[in-house]
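Residue-level structural notes
Residue strings, one per chain:
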Amino acid sequence: MKKLLVSILQFPGTNCEYDTVYAVEKLGHDTRVVWHKENKLPVNTDLVIIPGGFSYGDYLRSGSIARFSPIMNAIKEYAASGGRVLGICNGFQILTEMGLLPGALKRNNNLHFVSKKQTIKVINNDNAFLNQCKKGDILNIPVAHADGNYYIDDWGYEELVKNGQILLRYCDNNGESKVLNGSVQQIAGICNSEKNIFGLMPHPERAMELILGSEDGIRMLKGFQNR
Amino acid sequence: MKAVINIYLKEGVLDPQGKATHHALGSLGFNGVSDVRIGKQIVLQLDAKGKTEAEEKVREMTETLLANTVIEDYTIEIL
């Protein structure tokens, strides 16, 4: 196994960066926490993770201010040259605000902050992220968000389906579709058409230990080391 | 110069706050309300040579940061 260098971004209000460090280091990889005022990524970065939290207090819209931080120019360049970027929760919101992923994340339909363990179904695994999962696998991963209601117009949705960009959907324990927050077609995670930028609302970094309820996050994050 | 920007979710994009408020109005006996949309208003003070320049500047700010045009529409008023 090649040891990866994973750069984990940190904004004012980020709160999952050290959980993410723990998860990545548990898999045997190196991490760097990168402050948002930096304008360069550590050289030899193999993967960038934009972790969860409440960057800039979610003011204006979740992720809308963080996208203009100095480090984000480096992220755009890194992604444009094929570098892999994973946005978890607030990271997913930032990536959609930047236009690096299509669609947008709205307030949950029931207006509540939803925080619980949630089953999600693997829809596509032909990518650098979910290649250790099988299509149809049901994973148990915590969610914790108020703005996780994924919106995309009909045309955009068709494109996602056609290109195999839908990664995960919310489901019940039997894998049947389940409404969690009002997301279009219960989408929990997507990638771009080039399949190097990934975003999801659930938190795989919080599902790394059976004693804490699930270790399904291991299978998810391991994907990056195999391709 | 003062600019007032009103930002709303687009028609066709479900507005959960508006829907909940609509429901509450009905429960309170306020009938005859057919729709409620909740948005936000941003008020800016800015330097500009005239209304046209001010509107151009504010439009750029709105498209860049203040609104997410994937899901939101906006109106700009220069006072």
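Right, let's walk through the structure included here.

Basis of the calculations
- Residues numbered from 1 in each chain as written.
- Chains lettered and ligands numbered in written order.
- Predicted model: local features only at pLDDT ≥ 70, side-chain atom pairs only at ≥ 80, totals over all residues.
- Heavy atoms only, no water.
- Pairing = 2+ DSSP bridges.
- Helix = DSSP H or I, 4+ residues; strand = E, 2+ residues; numbered from the N terminus.
- Axes fitted to C-alpha atoms, helices over the stretch in contact; angles between N-to-C directions.
- Salt bridge = Lys/Arg side-chain N within 4 Å of Asp/Glu carboxyl O.
- Buried < 20%, exposed > 50% of the residue type's maximum accessible area, 1.4 Å probe, protein only.
- Contact = heavy atoms within 4.5 Å.
- Buried area = accessible area lost by both parts, 1.4 Å probe.
- Polar contact = N/O pair within 3.5 Å; in protein donor to acceptor, adjacent residues only side chain to side chain.
- Nonpolar A, V, L, I, M, F, W, Y, C, P; charged D, E, K, R; others polar.
- Disulfide = S-S within 2.5 Å.

1. Here's the deal with the sheet that holds strand S7 (residues 138-145) of chain A
Residue and element names in this part refer to chain A. Strands sit in the order S2-S1-S3-S4-S11-S10-S9-S6-S7 across an open sheet of nine strands; the sheet is mixed. Strands with a single pairing partner mark the edges of an open sheet, and in this sheet they are strand S2 (30-35) and S7. In this sheet, adjacent strand axes meet at a mean angle of 25° when their direction is disregarded. Both strand S6 (residues 114-122) and S7 contribute to a ladder of eight bridges, which runs antiparallel.

2. A few points about the pattern of salt bridges
Residues and elements named next belong to chain A. The final tally for this structure, using the stated rule, is 11 salt bridges over all chains. Put simply, arginine 61 and glutamate 97 hold a salt bridge, and the shortest N to O gap is 2.8 Å. Taken together, the residues arginine 61 in the loop between strand S3 (47-50) and helix H2 (71-80) and glutamate 97 in helix H3 (residues 90-98) connect sequence positions 36 residues apart. By relative accessible area, arginine 61 is classed as buried at 10%.

3. Here's the deal with the interface of chain A and chain B
How big an interface is tends to be expressed through the accessible area that disappears when the partners come together. Of the residues lining the interface, 15 residues belong to chain A; the matching set on chain B comes to 16 residues. Taken together, the two surfaces of chain A and chain B that pack against each other cover about 1,200 Å², and 66% of this comes from carbon and sulfur. Broken down residue by residue, the surface that chain A buries against chain B is led by Leu60(A), Arg61(A) and Lys106(A), which jointly contribute 42%. For the interface between chain A and chain B, the tally reads one salt bridge. Note that Glu72(B) is salt-bridged to Arg61(A), the shortest N-O span being 3.8 Å. Inspection of the chain A/chain B interface yields six residue pairs in polar contact (both at pLDDT 80 or more). Looking at the side of chain A that touches chain B residue by residue, the classes come out as six nonpolar, four polar and five charged.

4. Digging into the state of the cysteines
Residues and elements named next belong to chain A. The final tally for this structure, using the stated rule, is zero disulfides over all chains. Of all cysteine sulfurs in the structure, the one in cysteine 133 sits closest to cysteine 171, which takes part in no disulfide; the separation is 13 Å. Its relative accessible area of 1% is what places cysteine 171 among the buried residues.

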